[in-house]
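Analysis of the macromolecular model
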Amino acid sequence: MSGHSHAANIAVKKAKTDAIKGRIFTKVGREIAVAAKNNPDPTTNSKLADAIAKAKSVNMPNDNIKRCIAKASGELSGANYEELTYEGYGPAGSAVIIKALTDNKNRTVDFVRTVMRKHGGSLGNAGCVSFTFTTKGVIAIERTPDLDEDQVMEYALDAGADDFIASDDAFTVHTSVADFSSVRKYLEEKGLNFFEAEIKMLPQNVVTLQGDDLAKFQRLVDALEDLDDVQDVYHNVDLPEEDEEE
């Protein structure tokens with residue numbers, strides 16, 4: 001088990017503005033609704049259960065979650081949402097992967113391409129940067145005085161986790177994609193609360209940008225995340241912690 005993370009800092013981000021929270025709730029809510037479209041029962045729909053866990057990790061109220069599931073049998077019943085992945089390069093050759101959920105592929109690719117170009121990036125072909133990332137389940141647990149590190153690590157090992165990372169303010173558990181749902185459920189049953197619980201693409205190596213390149217890259221990520229169709233943005237840049245928490 002690792003003592004530190006080889007990926008970008010996954011420190012728990014507590015300070016979020018209402019506007020950012022609203023945007024996050026909208027994106028996670030869409031994931032829930034799409035996951036629930038054919039089966040609204042999380043006990044038999046692991047994808048929905050994972051989406052609900054992600055929602056809870058960002059403190060989405062239960063009433064919101066229930067409304068999102070209800071949407072699956074209403075306005076989304078005839079919608080055809082498609083999961084899309086775009087890959088490309090940011091300033092100074094940095095690697096960027098964009099995950100989108102859309103009912104209009106042409107609209108989404110136009111918006112993503114425009115944002116990339118405006119902020120010094122460019123879209124590439126499928127596979128151009130994804131080979132430098134590893135897809136993992138990531139579960140972050142707040143480190144509190146009443147949580148014993150050895151006990152949490154034992155839970156993670158018993159659950160079948162791939163890695164356990166202890167930092168000053170969090171315990172982070174990495175899993176394979178296949179084992180994510182079962183590990184998440186096991187840790188939930190042990191009474192652990194998550195600040196993060198989702199499948200992510202982690203860079204195998206990170207790069208450090210300076211000056212204008214760093215500022216341009218931060219603006220690029222912010223602009224991509226502002227797009228309604230974009231669900232997640234992954235990259236290999238080691239952003240300063242104070243920037244990540246804005």
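Residues numbered from 1 in each chain as written. Predicted model: local features only at pLDDT ≥ 70, side-chain atom pairs only at ≥ 80, totals over all residues. Heavy atoms only, no water.

1. Notes on the packing of helix H5 (residues 149-159) against helix H6 (residues 180-189)
Relative orientation of the contacting elements H5 and H6 amounts to 140 degrees, with a least axis distance of 9 Å. The pairing of H5 with H6 is recorded here as oblique in orientation. In this structure, H5 crosses over H6, and the sense of that crossing is right-handed. Here Tyr155, Ala156, Asp158 and Ala159 of H5 come into contact with H6, specifically with Val183, Tyr186 and Leu187. (Axes fitted to C-alpha atoms, helices over the stretch in contact; angles between N-to-C directions. Helix = DSSP H or I, 4+ residues; strand = E, 2+ residues; numbered from the N terminus. Parallel < 35°, antiparallel > 145°, perpendicular 65-115°, else oblique. Left-handed = near helix turned anticlockwise from the far one by under 90°. Contact = heavy atoms within 4.5 Å.)

2. Points about the confidence of the model for the protein chain
Residues with a pLDDT of 70 or more make up 88% of the protein chain, whose mean pLDDT is 87. Segment residues 2-17 is flagged for pLDDT under 50; beyond a separation of four residues in sequence, or across chains, it makes 34 contacts in the model. (pLDDT = per-residue confidence, 0-100.)

3. What to know about the nonpolar core
Within the largest apolar cluster, 21 residues are counted, with the highest numbers of intra-cluster contacts made by Tyr86, Val96, Ile98, Val112, Phe217 and Leu224. Of all the secondary structure elements, the ones that give two or more residues to this core are strand S1 (82-89), strand S2 (95-102), helix H4 (105-118), helix H7 (211-226) and strand S8 (230-235). Ranked by the residues each element gives to this core, the list is headed by H7, at 6 residues. Here leucine 224 is in contact with Val96, Ile98, Val112, Val115, Met116, Val230 and Val233, once residues within four sequence places are set aside. (Core = buried A, V, L, I, M, F, W, Y, C linked by side-chain atoms within 4.5 Å. Buried < 20%, exposed > 50% of the residue type's maximum accessible area, 1.4 Å probe, protein only.)

4. Quick look at the packing of aromatic side chains
Under the criterion given, the structure shown has 1 aromatic pair. Their ring planes at 25 degrees and their centres at 5.6 Å tell us that phenylalanine 164 and phenylalanine 171 sit as a pair that is stacked. Phenylalanine 171 matches phenylalanine 164 in its accessibility class, with the two residues each being buried. (Phe/Tyr/Trp six-rings, centres within 6.5 Å; stacked < 30°, edge-to-face > 60°.)

5. Focus on the side chain of lysine 54
Tracing the sequence through the fold places lysine 54 in helix H2 (residues 46-57). On the basis of relative accessible area, lysine 54 is assigned to the buried category, the value being 8%. At 2.8 Å, the side chain of lysine 54 and the side chain of glutamate 31 are in polar contact. (Polar contact = N/O pair within 3.5 Å; in protein donor to acceptor, adjacent residues only side chain to side chain.)

6. Structural notes on the pattern of salt bridges
Within this structure, the stated rule accounts for 13 salt bridges. Of the charged contacts in the structure, one is a salt bridge between aspartate 226 and arginine 23, with a shortest N-O distance of 2.3 Å. With a gap of 203 residues between them, aspartate 226 in helix H7 and arginine 23 in helix H1 (residues 18-35) connect regions that are remote in the sequence. A residue is classified by how much of its surface remains accessible, and arginine 23, at 26% relative accessible area, is partly exposed. Close ionic contact of lysine 136 with aspartate 162 constitutes a salt bridge, the shortest N to O distance being 2.8 Å. (Salt bridge = Lys/Arg side-chain N within 4 Å of Asp/Glu carboxyl O.)

7. Examining the sheet that holds strand S3 (residues 122-123)
Two strands in a sheet stick together by hydrogen bonds in their backbones, pointing the same way (parallel) or opposite ways (antiparallel). If you trace the 4 strands from one edge of the open sheet to the other, you get S3-S1-S2-S8, paired in antiparallel fashion. In the strand order of this sheet, the two ends are held by S3 and S8, each with one partner. Across 5 bridges, the pairing between S2 and S8 is antiparallel. From the neighbouring strand, valine 96 faces S8, where its bridge partner is histidine 235. Sheet strands in contact with H4 are S1, S2, S3 and S8, and its direction is about 20 degrees off that of S1. The sheet strands contacting H7 are S2 and S8, and the helix crosses S8 at an angle near 155 degrees. (Pairing = 2+ DSSP bridges.)

8. A few points about the side chain of threonine 102
Looking at where threonine 102 falls in the secondary structure, it is placed in strand S2. In this structure the side chain of threonine 102 is engaged in a polar contact, spanning 2.9 Å, whose partner is the backbone nitrogen of asparagine 104. A distance of 3.1 Å separates polar atoms of two side chains, one belonging to threonine 102 and the other to arginine 107. The residues touching threonine 102, leaving out its near neighbours within four places in the chain, are Asn80, Tyr81, Glu82, Leu84, Arg107, Thr108 and Asp229.

9. A short note on helix H3 (residues 62-71)
The complete set of buried residues in H3 reads Asn64, Ile65, Cys68 and Ile69. Across the axial projection of H3, the buried residues extend over an arc of 140 degrees, all falling on one side. (Arc of directions from axis to C-beta.)

10. Comments concerning the sheet that holds strand S6 (residues 170-175)
With respect to topology, 4 strands assemble into an open sheet ordered S5-S6-S4-S7, the strand pairing being antiparallel. Sheet topology places strand S5 (163-166) and strand S7 (194-203) at the edges, where each strand pairs with a single neighbour. Going from strand to strand, the sheet's axes swing by 25 degrees on average, the running direction of each strand aside. Sheet topology note: the strand S4 (residues 133-142)/S7 ladder contains 9 bridges and is antiparallel. Among the inter-strand pairings, glycine 137 is bridged to a residue of S7, identified as isoleucine 199.

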